[in-house]
Amino acid sequence: MAEQTPVETLAFQAEVTKLLQIVANSLYSRKEVFLRELISNASDACDRLRYEAITNPALAADDPEFKVVLTPDAKARTLTITDNGIGMTRQDLVDNLGTIARSGSAAFAEELAKTKGDGTDEEKGKRDDDVALIGQFGVGFYSAFIVADKVEVTSRRAGQSEAWRWTSDGKGSFTIAEADRAGRGTTIVLQLRKDQAEFADPDRLRTIVKAHSDHIGLPVMLAGGKDGEETLNAASALWTRARKDVTEEQYKEFYQHVAHAFDEPWLTIHTRAEGRLEYVTLLFVPSTRPPDLFHVERKAAVRLYVRRVFVTDNAEGLLPSYLRFLRGVVDTEDIALNVSREMLQHDPVLARIGTAVVTKVLSELEKKADKDADAYAKFWETFGAVLKEGIYEDIGRREQLLKLTRFRTTAGDKLTSLAEYVGRVKDKQDAIYYITGDDAAALKSSPHLEGFLARGYEVLLLSDAVDEFWIPSVGMYEGKRFVSVAQGAASLGPAPETDKKDAVDAGELAVLLALLKQSLGTRVKDVRVSDRLTDSAVCLVADERDMPRHLARMLKAQGQLKDGVASILEINPQHALIRTLVAVAKDSAQRVQIDDVGRLLLDQAMIREGDPPADPADFARRLSDVMTRALGAK
Ligand code: ADP
Ligand code: MG
């Protein structure tokens, strides 16, 4: 090209610079992962073109055999990776290789911001953290700088005539200039660092491709040898192979490729359906939580292929969002490819396949739960909160999902199923008791439990936000009602160890209750005697038909609720403080103190639940006054 545009220099997005500093300085031991990342990008690029070419065959017609070619040059110390995929426009190069766009590296950057400042830190410990992070999230294209000190990307978008070259030394900026390129696709030239010359060695490349990229569904070739081009991988999509022909290691590599993950799959499900519906699934349950699991979109992330052609990685109609932790591939023979992605999402065949896949996944989970409770408990800790969404979103599978659900309870540290809970209940107990809150450990010391524990009842400790939603929608399990220990009247009767003659005089207690009600006014809905307390003086409970206090707290935190509903303050007549107050209430000279004490008791009950006192300044003043009086100062 005669008159080319001048070279432009552009700055990386700040997060990229940060990330590149870490990548360049990391002592990451598995440096060869860069190749997997670049081959995986090349393969994605071919997948995307293959799909576009269905409606626009001209795009791929000039060069129809998709492939990735590696060309090492030991003398120049370079490694070149070329693909004939979809390619990138100038804008694509700037957007994709100048910012952190994809979820994997975005999560990396987010984690990084949480743990530290700028990655130039010399402290060994911090650097180890970074390396661990790279291991956990991967850094996609930018991993090229693990082994290269200069990277050149020349790309031509399919269907376009101009090509562009992106270059960078990974130090804050990159350049863009017009370039020449014979056909469509992308060529990446890595100028290898002095100590990374091994990646220009054909033998080393053979080994790496075999280990990490064997599953790629198109040929990965080695060029420059005496016999011309040599194919290094099996070049058939992994899911199309028979289960017996795939090793654990290969499944793992494939999982890491499709999931952009670096952990091990917790469960691998590889099935082929033949008959009315024809499809293959290769699905994985990760062993760690993907960072975007609770983003608002709640999208499933399984890749949909139609006859080996990649269609989309979030097929809406395929899997329900409560299985959005699944990663992998569904490939079907039964859908026409020449319809738009939009239409495809709503193809009834897709929904039927989805239903069959859900059945399969749930039954595999059930098997795992039966066979290995400890392993299942790990899964549950990681994804239980997501799976539980299905209890109210997928009524048809409710029973099955309830069976898969596990709970922390007051009866020990092991997770428990509902069936186990029901198997342990006391004679005549017709309720399944539970308590909700933000944190299972904190719930364990909640005052609301005291009376139930004293009478030998087991209580489920529910600390996921979804618990507030599925419990009311289920209501009963095996004829037993779900009952919150923090709501309504406990109706437990006297505690087993209560001594009759020790009881407080009912009339005197009524005087105290009346004074407290007067003092607290509309701050509470009622003040009453509790039988759910044994050690604590007071607690707050929601009235039977009101919104649970934990739910109100959650909605307030999200700005969806302005004022909560007033709660009921329950007092424990056996408690020394309440006994003293009963005496104080009788004495008209001292009675004024009830006002301060009442307000303090309410604030204390709030604090116990993790809420701030309604008016912290007022709380502090009253507390000081009471302490001053108690300590006898004038
Ligand atoms: P990811 O592959 O997860 O999207 P990467 O950092 O590996 O993230 O790549 C960033 C983006 O750059 C890709 O999403 C893709 O749009 C683009 N890209 C990278 N390599 C290629 C390539 N060989 N051909 C076309 N586009 C590419
Ligand atoms: Mg990538």
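To be clear, the structure that these remarks concern was listed above.
Residues numbered from 1 in each chain as written. Chains lettered and ligands numbered in written order. Predicted model: local features only at pLDDT ≥ 70, side-chain atom pairs only at ≥ 80, totals over all residues. Heavy atoms only, no water.

**Thoughts on the overall build of the protein chain**
Step number 1: Helix and strand counts for the protein chain stand at 22 helices and 23 strands.
Step number 2: Scaling as 2.2 N^0.38, a compact globule of 634 residues should have a C-alpha radius of gyration of about 26 Å, whereas the protein chain reaches 32 Å, well beyond that.
Step number 3: For the C-alpha atoms alone, the extent of the protein chain along its principal axes is close to 105 × 65 × 40 Å.
Step number 4: By residue count, 52% of the 634 residues in the protein chain fall in the buried class. (Helix = DSSP H or I, 4+ residues; strand = E, 2+ residues; numbered from the N terminus. Rg over C-alpha atoms; globule rule 2.2 N^0.38 Å. Buried < 20%, exposed > 50% of the residue type's maximum accessible area, 1.4 Å probe, protein only.)

**Digging into helix H19 (residues 549-557)**
Step number 1: For H19, every residue scored as buried is listed here: Arg549, His550, Leu551, Ala552, Met554 and Leu555.
Step number 2: Of the surrounding secondary structure, the elements contacted by the buried residues of H19 are strand S17 (431-436), helix H17 (467-474), strand S22 (538-541), strand S23 (567-571) and helix H21 (593-608).
Step number 3: One or two positions beyond H19, positive phi appears at glycine 559, with a value near 70°. (Contact = heavy atoms within 4.5 Å.)

**Observations regarding unusual backbone geometry**
Step number 1: Positioned with a positive phi, alanine 235 is a non-glycine residue whose angle comes to about 60°.
Step number 2: With relative accessibility at 25%, the residue alanine 235 sits in the partly exposed group.
Step number 3: Its identity is not glycine, yet arginine 307 carries a phi of approximately 45°, on the positive side.
Step number 4: By the element assignment, arginine 307 lies in the loop between strand S12 (303-306) and strand S13 (309-312).

**Structural notes on the nonpolar core**
Step number 1: Ranked by internal contacts, the top residues of the largest apolar core, which has 76 residues, are Phe325, Phe379, Leu387 and Phe482.
Step number 2: For this core, the element with the highest residue contribution is helix H10 (residues 348-371), accounting for 9 residues.
Step number 3: Both domains that furnish three or more residues to this core are identified here as domain 2 (239-377) and domain 3 (407-484).
Step number 4: Contacts of phenylalanine 482, omitting those with residues within four sequence positions, involve Leu418, Ile432, Tyr434, Leu460, Trp470, Ile471, Val474, Gly475, Met476 and Tyr477.
Step number 5: If you look at the next biggest cluster of nonpolar residues, it comprises 57 residues, including Ile81, Leu190, Ile208 and Val209. (Core = buried A, V, L, I, M, F, W, Y, C linked by side-chain atoms within 4.5 Å. Domains from an automatic or database assignment.)

**Remarks on the pattern of salt bridges**
Step number 1: The full count for this structure, using the stated rule, is 48 salt bridges.
Step number 2: Of the charged contacts, one joins glutamate 364 and lysine 360 as a salt bridge, the two residues approaching to 3.0 Å between their closest N and O atoms. Of this pair, glutamate 364 and lysine 360 both sit in helix H10, 4 residues apart, roughly one helical turn.
Step number 3: Relative accessible area serves as the criterion here: at 29%, lysine 360 is assigned to the partly exposed category.
Step number 4: Here arginine 621 makes a salt bridge to aspartate 618, at a shortest N to O gap of 3.1 Å. Taken as a pair, arginine 621 and aspartate 618 lie in helix H22 (residues 616-630) at a separation of 3 residues, close to a single helical turn.
Step number 5: You can call arginine 621 partly exposed: its relative accessible area is 43%.
Step number 6: A single network of salt bridges, built from pairs that share partners, joins Asp595, Asp596, Arg599, Asp618, Arg621, Arg622, Asp625 and Arg629. (Salt bridge = Lys/Arg side-chain N within 4 Å of Asp/Glu carboxyl O.)

**Overview of the packing of helix H20 (residues 576-586) against H21**
When two helices pack together, you describe them by how their axes are tilted relative to each other and by the distance separating the axes.
Step number 1: At a minimum axis separation of 11 Å, H20 and H21 run at an interaxial angle of 155°. Classified by the interaxial angle, the pair formed by H20 and H21 is roughly antiparallel. For the crossing formed where H20 meets H21, the hand is left-handed. On the side of H20, the interface is formed by Leu577, Ile578, Leu581, Val584 and Ala585, while H21 contributes Ile594, Val597 and Leu601.
Step number 2: Here the contact of H20 with H21 is built from residues that sort into 8 nonpolar, no polar and no charged. (Axes fitted to C-alpha atoms, helices over the stretch in contact; angles between N-to-C directions. Parallel < 35°, antiparallel > 145°, perpendicular 65-115°, else oblique. Left-handed = near helix turned anticlockwise from the far one by under 90°. Nonpolar A, V, L, I, M, F, W, Y, C, P; charged D, E, K, R; others polar.)

**Some thoughts on the packing of aromatic side chains**
The geometry of an aromatic ring pair comes down to the distance between the two centres and the angle between the two planes.
Step number 1: Under the defined criterion, the tally for this structure stands at 24 aromatic pairs.
Step number 2: Both rings, one in tryptophan 239 and one in tyrosine 305, keep their centres 4.5 Å apart while their planes meet at 50°; by these two values the pair is tilted. Remark: tyrosine 305 occurs in strand S12 and tryptophan 239 occurs in the loop between strand S9 (228-231) and helix H8 (248-259); sequence separation between them is 66 residues. The same class applies to tryptophan 239 as to tyrosine 305, namely buried.
Step number 3: The interplanar angle of 65° and the centroid separation of 5.4 Å between the aromatic rings of tyrosine 305 and phenylalanine 310 together place this pair among those described as edge-to-face. Here the two residues tyrosine 305 and phenylalanine 310 agree in accessibility, since each one is buried.
Step number 4: In textbook terms, an aromatic cluster arises when at least three aromatic residues are bridged by ring pairs, as seen for Trp239, Phe254, Tyr255, Phe284, Tyr305 and Phe310.
Step number 5: The ring of phenylalanine 262 carries the charged tip of arginine 36 above its face, separated from the ring centre by 4.8 Å.
Step number 6: In this structure, lysine 368 packs its charged tip against the face of tryptophan 266, placed 5.1 Å from the ring centre. (Phe/Tyr/Trp six-rings, centres within 6.5 Å; stacked < 30°, edge-to-face > 60°. Lys NZ or Arg CZ within 6 Å of the ring centre and 35° of its normal.)

**Some details on the pairing of S17**
Step number 1: The element S17 is extensively covered by neighbouring structure, given that 6 of its 6 residues are classed as buried.
Step number 2: The alternating pattern of S17 places Ala431, Tyr433 and Ile435 on one face and Ile432, Tyr434 and Thr436 on the opposite face, and all of these are buried.
Step number 3: As defined by bridge partners, S17 adjoins strand S18 (residues 459-462) across 4 bridges and the pair is classed as parallel. For threonine 436, the partnering residue across the bridge sits in S18 and is leucine 462. (Pairing = 2+ DSSP bridges.)

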